[in-house]
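Topology and contacts: notes
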Amino acid sequence: MRLHRSRLPGVVALLVTVAVLPLAPGVASADSDYAANCSVNLRATPSISASILAVIPTGTVVTTSGTVSGDSWSATCVTSVAGNTWYTVIAVNGTSVSSLYGVGVVYAATGLFQPSSSPQPSSSPQPSDSPQPSVTPQPSVTPQPSVTPQPGPFLEGIDVSHWQEAIDWPQVAGSGKRFVIMKATQGQSFLDPMYAANHAGARAVGLSVGAYHYATPSSDPNDAVLEADWYVANAGLLPGDLVPALDLEQNGGLSTSALQAWVGAWLGEVYARLGVRPMIYTSPNFWKNSMGDTTMFADQGYAVLWVAHWFVASPTVPANNWGGRGWTFWQYDDCGSVPGISGCVDLDRYNGLDLTAVTFNYAALPLNPSPILADIAPASAPAGSGDLAVSIQGTNFASGVSAAFWNGTALATTYVSPTQLTAIVPAVLTASPGTGALTVVNEPPGGGASAPVPFTLTEPAQITISTSSSAILWATGVNLTITFGTNGANRTFVLEGTRDGQSWEPIATLTTDASGVASFAYRPPTNLYYRAVFAGAPDLGAGTSNVVRVVVRQLAFLRPTSTGVFVTRLGATSSMYTLVRPARPELPAAKVTFEFWKFTSGRWVRVTTRNAYDDSAGYARLAFRWPSRGEWRVRAWANPTPYNANSVPTRFERYSVR
């Protein structure tokens, strides 16, 4: 596949090992001829990162006009060689590079050549009616390798794209070619401008026709599925066409596992849409280096391998000989000459004599309907919240036919009815905030993918709650302040409270202001824990605040004194009581301490204390027998309980004992 491809590893890299003869790099004089010691890249500039315009095989003779300095290079080409000088190549096998490649000069590393005492005649792939000049025999030490593989039970074919421009298909068919695989699409939006003409023209002369998609993998959401859908929509495959083809030459910067997932998603989408498993085009080195030499796809039934391995007698087949199946198509030359085509064209072989096994009667399929996806619930969820169960609403769902996909990854899907599916999105797919898409695919025959429905994985709401005080007196109030973080304006949430820290109950429904803050003045009946709970919104995940506690101190109120002073007799018993607040049936009884003070020697002295417990109504009662005459004062206070802290002592009541 010419010009649009990166040069395939194995036979086209600058660093190539070929067993020929040792050679030390030399300096060229003007218009000197040199023979290639191994396969050599011809580049647009003297740089190892420059575009590769062609790859010439061992023994090819180039004419140079001198040398220039450029990037440092190193290679194993018979022996280890290195340097930074480059030949300025003006002709290849006697044909100018201008006519071959459309440029005045190309560049090649000097250490990959040896002087040629017998310049090669022109072997341009251009067809010509003129007799070829007499060919001087090649030196025996640099035999020209055979580009054409050994004969066998094969069918010959080609692959083309718009780079071949207009093609005379009757001439191609007359040359003995039996099939052609042509570029249809690339990425998510490119349609080869010659595809329609090539497809119609090749079929019209009886050639078996196939269409390939040039993959441009990326980490963009749903990229593989979108590229597959673009291919299916534009390839227009007809009954008797070859199975679809995925041209895999770029990894898009993806890791091995990510690229494997991308390829799986593309293949799965085309299989779902067309009901046939595509073939895969690749080179042995690309599959090994970028795809981890995986046998997964061969094991899954993607049995047709189209391997690219040039200038060898037989190709290297990756993935453990493609799961033991070997190659089906072999691209063995990237610059062949075929009547009816101007310039180079890729040459291919089919491993057999009958193409029936790799053709498909697309029109004969009894079609499943395409699914229609209307809604998913929920349509958003906080990132990092674990496995996510979704309900999928739509039409044309069928048991064993419909499956849900999340950004191209298949989900565990359960058929409920023709209008409903359920699926589980695993936690690994929902770990990070962002947007994605859910689609439903009806398996072949027919079927296809629904339009995607977007899904949002939101940042969880960041909520904090604080109090104006951690301890208050009973019957007083506390201010609770709730603050949302980013995107917290105008959010409605529930303020909850609990006595035991476990059984939460709603207190109020509040809404933040434009700055993301809400305040609430509250008079709690007893000690409570508080938190704010946000249920979530399409643009912000659910969240729960921290927990704060406010202690309500119990108060003890002694009975009022109507006269200001109670007068009693020595040895008499006074009944006194205090009322403890708050008092609730579910609270433990509060222990109340009564303090007795007497005025002695000009000052008040605490004489004794007595304890009592309040009843279910909050009353703590005490009978006290006065032990001596004088002026007495009595006060009470509530002791700590598991729910309450020390209260403030009551006011004194005065007693005069006579």
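Before going into details, it helps to say that this report is about the structure given with it. (Residues numbered from 1 in each chain as written. Predicted model: local features only at pLDDT ≥ 70, side-chain atom pairs only at ≥ 80, totals over all residues. Heavy atoms only, no water.)

Within the chain, the regular secondary structure consists of 8 helices and 46 strands. Within the chain, buried positions represent 47% of all 658 residues. When contacts within the chain are restricted to residue pairs at least 6 apart in sequence, those whose partners lie at least 24 apart make up 66%. Of the roughly 28400 Å² of accessible surface on the chain, a fraction of 52% belongs to carbon and sulfur atoms. (Helix = DSSP H or I, 4+ residues; strand = E, 2+ residues; numbered from the N terminus. Buried < 20%, exposed > 50% of the residue type's maximum accessible area, 1.4 Å probe, protein only. Contact = heavy atoms within 4.5 Å. Areas by Shrake-Rupley, 256 points an atom, 1.4 Å probe, with all protein chains shown as cover.)

Turning next to the packing of helix H4 (residues 223–235) against helix H5 (residues 256–274). For the pair H4 and H5, the least separation of the axes is 8 Å and the interaxial angle reads 35°. Here H4 runs over H5; the crossing is right-handed. Listed contacts from H5 to Asp-223, Ala-224, Val-225, Glu-227, Ala-228, Asp-229, Tyr-231 and Val-232 of H4 are Trp-262, Ala-265, Trp-266, Glu-269, Val-270, Arg-273 and Leu-274. Each residue belonging to the contact of H4 with H5 can be placed in one class, and the counts come to 10 nonpolar, no polar and 5 charged. (Axes fitted to C-alpha atoms, helices over the stretch in contact; angles between N-to-C directions. Left-handed = near helix turned anticlockwise from the far one by under 90°. Nonpolar A, V, L, I, M, F, W, Y, C, P; charged D, E, K, R; others polar.)

By the definition in use, this model includes 6 salt bridges. Among the ionic pairs, Glu-595 bridges to Arg-606, the shortest N-O distance being 3.0 Å. Pair noted here: Glu-595 is in strand S42 (residues 591–600) and Arg-606 is in strand S43 (residues 603–613), with a separation of 11 residues, a long-range link. Residue Glu-595 is joined to Arg-635 by a salt bridge in which the shortest nitrogen-to-oxygen separation is 2.7 Å. You can see Glu-595 sitting in strand S42 and its partner Arg-635 sitting in strand S45 (residues 630–638), a full 40 residues away along the chain. Since its relative accessible area comes to 5%, Glu-595 is described here as buried. Salt bridges linked by common partners bring Glu-595, Arg-606 and Arg-635 together as one network. (Salt bridge = Lys/Arg side-chain N within 4 Å of Asp/Glu carboxyl O.)

In this structure the tally under the stated criterion is 2 disulfides. The disulfide partner of Cys-38 is Cys-77, and the S-S distance across this bridge is 2.1 Å. On the S-S bond that ties Cys-38 to Cys-77, the torsion sits near -115°, and the link is left-handed. One end of the pair, Cys-38, is in the loop between strand S1 (32–36) and strand S2 (40–43); the other, Cys-77, is in strand S4 (residues 61–77), and 39 residues separate them in sequence. Across the disulfide from Cys-335 sits Cys-344; the S-S distance is 1.7 Å. The partly exposed category is assigned to Cys-335, whose relative accessible area is 29%. For the chain, numbering the cysteines in disulfides from first to last along the sequence yields the connectivity 1-2, 3-4. (Disulfide = S-S within 2.5 Å.)

With respect to the helices and strands, the residue Ser-656 is situated in strand S46 (residues 653–657). Its relative accessible area of 7% is what places Ser-656 among the buried residues. Among residues more than four places away in sequence, those in contact with Ser-656 are Val-565, Phe-566, Val-567, Thr-568, Gly-630 and Glu-631.

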